[in-house]
Amino acid sequence: DRRIPVTDAATIVAAMQADIDRFGSEMGARTTRIARRALADLTADLDKRSLGSWGIAARVSAIAQVRRGMELLAERQGAVLTGQVPKIAGRSQQRMIALLENLDRRFVGSVQPLRFDTAAWLESNTRRLSRIRLEVYPRSFARYGAEAVTEIEDALARLALTGKPWTEARGQVHRAIRGVVGDRQWMVDRLLRTETSAIFNGTALDAMIAEDRPESPMLKRLVATFDKVTGRDSVYVHGQIRPVREPFSDGRRLYMAPPNRPHDRELVVPHRAAWGSALPRLTRPPPDPEETSAPDLPAARPGPTR
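Values in this document were obtained by computation on a predicted structure and should not be read as measured data.

Basis of the calculations
- Residues numbered from 1 in each chain as written.
- Predicted model: local features only at pLDDT ≥ 70, side-chain atom pairs only at ≥ 80, totals over all residues.
- Heavy atoms only, no water.
- Axes fitted to C-alpha atoms, helices over the stretch in contact; angles between N-to-C directions.
- Helix = DSSP H or I, 4+ residues; strand = E, 2+ residues; numbered from the N terminus.
- Left-handed = near helix turned anticlockwise from the far one by under 90°.
- Contact = heavy atoms within 4.5 Å.
- Nonpolar A, V, L, I, M, F, W, Y, C, P; charged D, E, K, R; others polar.
- Buried < 20%, exposed > 50% of the residue type's maximum accessible area, 1.4 Å probe, protein only.
- Pairing = 2+ DSSP bridges.
- Polar contact = N/O pair within 3.5 Å; in protein donor to acceptor, adjacent residues only side chain to side chain.
- Expected span 1.5 Å × (residues − 1).

1. A short note on the packing of helix α2 (residues 56–108) against helix α6 (residues 185–210)
At step 1: In contact at an axis separation of 9 Å, α2 and α6 are set at 35 degrees when each is read in the N-to-C sense. Classified by chirality, the crossing of α6 by α2 is right-handed. Across the interface between the two elements, Q77, L81, V85, I88, A89, R91, S92, Q93, R95 and M96 from α2 touch Q185, V188, L192, E195, T196, I199, F200, T203, A204 and M208 from α6.
At step 2: Among the residues making up the contact of α2 with α6, the classes are represented as eleven nonpolar, six polar and three charged.

2. Let's talk about the pairing of strand β3 (residues 218–223)
At step 1: Of all six residues that make up β3, six are buried, and the element is covered over most of its length.
At step 2: Burial along β3 is two-sided: M218, K220 and L222 and L219, R221 and V223, pointing in opposite directions, are all buried.
At step 3: Two strands pair when backbone bridges link them, and β3 and strand β4 (residues 241–243) are joined in this way by three bridges, in the antiparallel orientation. When the bridges of β4 are listed, L219 appears paired with P243.

3. Side note on unusual backbone geometry
At step 1: The linkage connecting P258 with the following residue, P259, adopts the cis geometry, with an omega of 5 degrees.
At step 2: Take P259: it is sitting in the loop between β6 (254–255) and β7 (267–272).

4. Quick word on the sheet that holds β4
The strands that make up a sheet are held in pairs by hydrogen bonds between backbone atoms, and each pair lies either parallel or antiparallel.
At step 1: Strand order in this open sheet of three strands is β4-β3-β7, and the pairing throughout is antiparallel. Strands at the two margins of the open sheet, each flanked by one partner only, are β4 and β7. Shown here is a sheet whose adjacent strand axes are inclined to one another by a mean of 30 degrees, direction ignored.
At step 2: Its contacts with the sheet place helix α1 (residues 9–48) against β3 and β7, and it is angled at close to 150 degrees to β7.

5. Considerations on the side chain of D250
At step 1: If you trace the backbone, D250 turns up in the loop between β5 (248–249) and β6.
At step 2: A distance of 2.8 Å separates a polar side-chain atom of D250 from the backbone nitrogen of R252.
At step 3: Of the polar contacts made by the side chain of D250, one reaches the side chain of N260; its length is 2.6 Å.
At step 4: When near neighbours in sequence (up to four residues on either side) are disregarded, D250 contacts Y236, V237, Y255 and N260.

6. Some remarks on α6
At step 1: Relative to the 38 Å expected for 26 residues at 1.5 Å per residue, α6 spans 38 Å between its end C-alpha atoms, a close match to the ideal helical length.
At step 2: With 22 of its 26 residues buried, α6 lies for the most part within the structure.

Set out below in structure tokens:
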């Protein structure tokens, strides 16, 4: 069922935050398994090679094989994210339907027809988002692979095993490769988390734009997550409200929707101008409310929005 019947707006927003966490964690677990399999295949292939003594020629040969292995690993990890785009966008659409219906009912007493509540809209939006994100994350995965190869190459150079038989050097080579790739999994996890947020919030923003009408302009609000790891920068932007087609600001950057930095856990949520100035509480207040920068609602600006 595409509709998620939830009666409390704060519960829906908490579920949105949990969705991003869950999708990111699930993909992180999958990419970790992919990395382990890739390392096993790579070390098995290295073991089959007759490298003779460990010297410059052997190291060059091993690095060439590592580079090919890391390119394949990065490609497979990127494919995990590619396959999840429709699911992430679909869940964001579901949450936005539930949230807007809940708030419409609360503030105007009835549910307004939603322009984005169709399978055709989701398919079109997903295709567009996929094109946009495909310009970003393949390069990020490729950079991760290239940086890992550089670190492995440096690690192998530091082994200083010139002249030793490959049979003696092999264990240290394997440990160097495993150590670098294992230590860099956090980079993959960060990329997955950031891209999940971009897809989820990008879908939400497009849904709000679809609801932006001259007679009832749509506004957007930043909502942060507050827990023991919430940063002051998130407290600063929490509650910021802008017309849906204008950017947010964190004091340094302008951005249409989160994320504006790696590991950004903010959400973009809707507020129709027709609802008035009452703002529903959607998250637990920050530890020091005086640190927030939530402005007054901007005045509704009638006129064409398309």
